[in-house]
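Residue strings, one per chain:
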Amino acid sequence: MSDFPITIYHNPACGTSRNALEMIRAAGYAPNVVEYLKTGWERAQIEGLLADMNAAPRAIMREKGTPAAELGLLAETATDDEILDAMVAHPILVNRPIVVTPKGTKLCRPSEAVLDLLDRQPAAFTKEDGEVVKIGDACALRP
């Protein structure tokens, strides 16, 4: 067990999720990777993540490429309970990646938001689209 455990709720089909995972690995961590489209969600699990983020379900709801509109979840009248129930029934409705570390829990969009959750950071990182992530020298590989 790592003294700095990291869990990433990951969708391998998502470039943002892949980049966040690779930044974690580039920093020298071996995270617990949860492919939530395969495992699904428990309502209590989502509620716990939201509590840790001090966020409402709508804050982590993915709209693009999901049934959110068809389910009426984009309407202002959609309740938190309706959104949570839909997220359990349709895991794709949960945006990704969500990363949990001892420093906090965060929806890491853009992917470099994951750097705030790490105890150490990679010296450099280039995203799969070629974009270079600027990492300050003072922060690089800090213990």
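A quick note: this is a predicted structure, and the numbers were derived from the prediction, not measured.

A. Structural context of the packing of helix H3 (residues 43-53) against helix H4 (residues 80-89). H4 packs onto H3 with a crossing angle of 120° between their chain directions and a minimal axis gap of 9 Å. Put simply, H3 runs oblique to H4. As H3 runs across H4, the sense of the crossing is right-handed. Contact residues: Arg43, Ile46, Glu47 and Leu50 in H3; Asp81, Leu84, Asp85, Met87 and Val88 in H4. When its residues are assigned to classes, the contact of H3 with H4 shows 5 nonpolar, no polar and 4 charged.

B. Structural context of the sheet that holds strand E4 (residues 104-107). What the 4 strands build is an open sheet, ordered E2-E1-E3-E4; its pairing is mixed. At either end of the open sheet lies a strand with only one pairing partner, and these are strand E2 (32-35) and E4. Between one strand axis and the next, the sheet turns through 15° on average, direction left out of account. Inspection of the sheet shows strand E3 (residues 98-101) paired to E4 by 4 bridges, in the antiparallel sense. Paired with Thr101 across the bridge in E4 is Gly104. Of the strands in this sheet, strand E1 (7-10), E2 and E3 are in contact with helix H1 (residues 15-26), which crosses E1 at around 160°.

C. View of the confidence of the model for the protein chain. On average, residues of the protein chain carry a pLDDT of 91, and 93% of them reach 70 or more. Within the model, pLDDT remains below 50 along residues 137-143, and this stretch shows 15 contacts once partners closer than five positions in the same chain are excluded.

D. Layout of the pattern of salt bridges. In the structure shown here, the tally under the stated rule is 9 salt bridges. Lys38 is the partner of Glu35 in a salt bridge, and the nearest nitrogen-oxygen pair spans 3.3 Å. Residue classification places Glu35 among the partly exposed positions, given a relative accessible area of 27%.

E. Focus on the pairing of E4. Burial along E4 is one-sided: the residues Thr105 and Leu107 are buried and none of Gly104 and Lys106 is. Here E3 hands over to E4 after 2 residues, the two strands then running antiparallel side by side.

F. Summary view of H3. Along H3, the residues that are buried comprise Ile46, Leu49, Leu50 and Met53. Viewed end-on, H3 has its buried residues packed into an arc of 100°, placing them on one side of the element. In H3, those exposed residues whose orientation departs by more than 90 degrees from the buried face are Ala44, Ala51 and Asp52. Taken together, the buried residues of H3 touch E1, H4, E3 and E4.

G. Representation of H4 in the model. Taken together, the buried positions of H4 are occupied by Ile83, Leu84, Ala86 and Met87. Viewed end-on, H4 has its buried residues packed into an arc of 165°, placing them on one side of the element. Where H4 is buried, its residues meet H3.

H. The packing of aromatic side chains, seen in detail. Taken as a whole, this structure holds 3 aromatic pairs when the rule is applied. Between Phe4 and Tyr29, the ring centres sit 5.4 Å apart and the planes meet at 35°, which makes this aromatic pair tilted. Here Phe4 is found in the segment before E1, whereas its partner Tyr29 is found in the loop between H1 and E2, with 25 residues between them in sequence. Exposure class is identical for Phe4 and Tyr29. Each is buried. Ring-pair connections join several aromatic residues into one group, and the members of that group are Tyr9, Tyr36 and Trp41. Positioned over the ring face of Tyr29 is Arg120, at 3.9 Å from the centre of the ring.

Definitions and limits used
Residues numbered from 1 in each chain as written. Predicted model: local features only at pLDDT ≥ 70, side-chain atom pairs only at ≥ 80, totals over all residues. Heavy atoms only, no water. Axes fitted to C-alpha atoms, helices over the stretch in contact; angles between N-to-C directions. Helix = DSSP H or I, 4+ residues; strand = E, 2+ residues; numbered from the N terminus. Parallel < 35°, antiparallel > 145°, perpendicular 65-115°, else oblique. Left-handed = near helix turned anticlockwise from the far one by under 90°. Contact = heavy atoms within 4.5 Å. Nonpolar A, V, L, I, M, F, W, Y, C, P; charged D, E, K, R; others polar. Pairing = 2+ DSSP bridges. pLDDT = per-residue confidence, 0-100. Salt bridge = Lys/Arg side-chain N within 4 Å of Asp/Glu carboxyl O. Buried < 20%, exposed > 50% of the residue type's maximum accessible area, 1.4 Å probe, protein only. Arc of directions from axis to C-beta. Phe/Tyr/Trp six-rings, centres within 6.5 Å; stacked < 30°, edge-to-face > 60°. Lys NZ or Arg CZ within 6 Å of the ring centre and 35° of its normal.

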